[in-house]
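# Examination of the molecular architecture
Here is what each chain is made of, one letter per residue.
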Amino acid sequence: MQGICLECGMSFSEDTRYCPKCDNALDLQHDGSTITVDIAHDGERVSEALRKMQSEIDLAHKAAAMCIRLIVGSGLIRDEVVLALRDLKFRGDIKDFDLESGNRGAVLVRLKD
Ligand SMILES: [Zn+2]
């Protein structure tokens, strides 16, 4: 898989961390977009929802999104997702997250500054 440097348009291979042309830190780049993913309305069990969350966060990182909005519902999945996100934040995999005001069934996860 290849990516495109958002700074200069140079394409690079996935294992590169800095743009070969302009030297920009590629894993810090984002296009300002928010990706919305529903991880809890398909009858998922908690473990399945958490797996889905992790793979969607990985995908959003690769797609250079700024935020990912997880639709988590109102039950056990939400509680477990919040715990998992706390862990991801501690490890530095995400910047921050917040239960959406006015819609507690959704969590907004900030991936990059
Ligand atoms: Zn570049």
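Residues numbered from 1 in each chain as written. Predicted model: local features only at pLDDT ≥ 70, side-chain atom pairs only at ≥ 80, totals over all residues.

## Some words on unusual backbone geometry
The backbone phi angle of Asp23 is positive, close to 70°, even though this residue is not glycine. Within the fold, Asp23 resides in the loop between β2 (11–13) and β3 (34–38). The class for Asp23 is exposed, based on 11 C-beta atoms found within 10 Å. Not every positive phi belongs to a glycine, and Ala64 is a case in point at roughly 60°. Tracing the sequence through the fold places Ala64 in the loop between α1 (46–62) and β4 (67–71). (Helix = DSSP H or I, 4+ residues; strand = E, 2+ residues; numbered from the N terminus. Buried ≥ 20, exposed ≤ 12 C-beta atoms within 10 Å, placed from the backbone.)

## A word on the sheet that holds β3
The strand order across the open sheet formed by four strands is β3-β4-β6-β5, and the pairing between neighbours is mixed. Every interior strand has two partners, whereas the edge strands, β3 and β5 (96–99), have only one. Along the sheet, successive strands turn relative to each other by an average axial angle of 20°, direction set aside. The pairing of β4 with strand β6 (residues 106–110) spans five bridges and is classified as antiparallel. Counted as the bridge partner of Cys67 is Arg110 from β6. Contacting β3, β4 and β6, α1 crosses the sheet at an angle of about 155° to β4. (Pairing = 2+ DSSP bridges. Axes fitted to C-alpha atoms, helices over the stretch in contact; angles between N-to-C directions. Contact = placed C-beta atoms within 7 Å.)

## Observations regarding the domain arrangement of the protein chain
By domain assignment, the protein chain separates into domain 1 (1–29) and domain 2 (31–110). Between domain 1 and domain 2, the C-alpha centre-to-centre distance is 25 Å. (Domains from an automatic or database assignment.)

## Quick word on the pairing of β3
Remember that side chains alternate between the two faces of the sheet whenever the strand is regular. Of the strand pairs in this sheet, β3 and β4 are connected by five bridges, and their pairing is parallel. Along β4, the bridge assignment pairs Thr36 with Arg69. In this fold, the crossover linking β3 to β4 by way of α1 has right-handed handedness. (Right-handed = clockwise from strand over helix to strand, strands pointing away.)

## What to know about helix α2 (residues 76–91)
Across its 16 residues, α2 extends 23 Å between first and last C-alpha, which sits within 8% of the 22 Å expected from 1.5 Å per residue. Listed in full, the buried residues belonging to α2 are Ile77, Arg78, Val81 and Leu85. Angular distribution of buried residues about the axis of α2 spans 90°; they occupy a single face of the element. Seen from the open side of α2, the exposed residues pointing more than 90 degrees away from its buried face are Asp79, Leu83, Arg86, Asp87, Phe90 and Arg91. (Expected span 1.5 Å × (residues − 1). Arc of directions from axis to C-beta.)

## Here we look at the packing of α1 against α2
Contact geometry for α1 and α2: axes closest at 10 Å, N-to-C directions at 45°. Classed by the angle they form, the pair α1 and α2 counts as oblique. The two elements α1 and α2 cross, and the hand of that crossing is right-handed. Contact residues: Val46, Ala49, Leu50 and Met53 in α1; Leu76, Ile77, Glu80, Val81 and Ala84 in α2. The residue makeup of the contact of α1 with α2, split by class, is eight nonpolar, no polar and one charged. (Parallel < 35°, antiparallel > 145°, perpendicular 65-115°, else oblique. Left-handed = near helix turned anticlockwise from the far one by under 90°. Nonpolar A, V, L, I, M, F, W, Y, C, P; charged D, E, K, R; others polar.)

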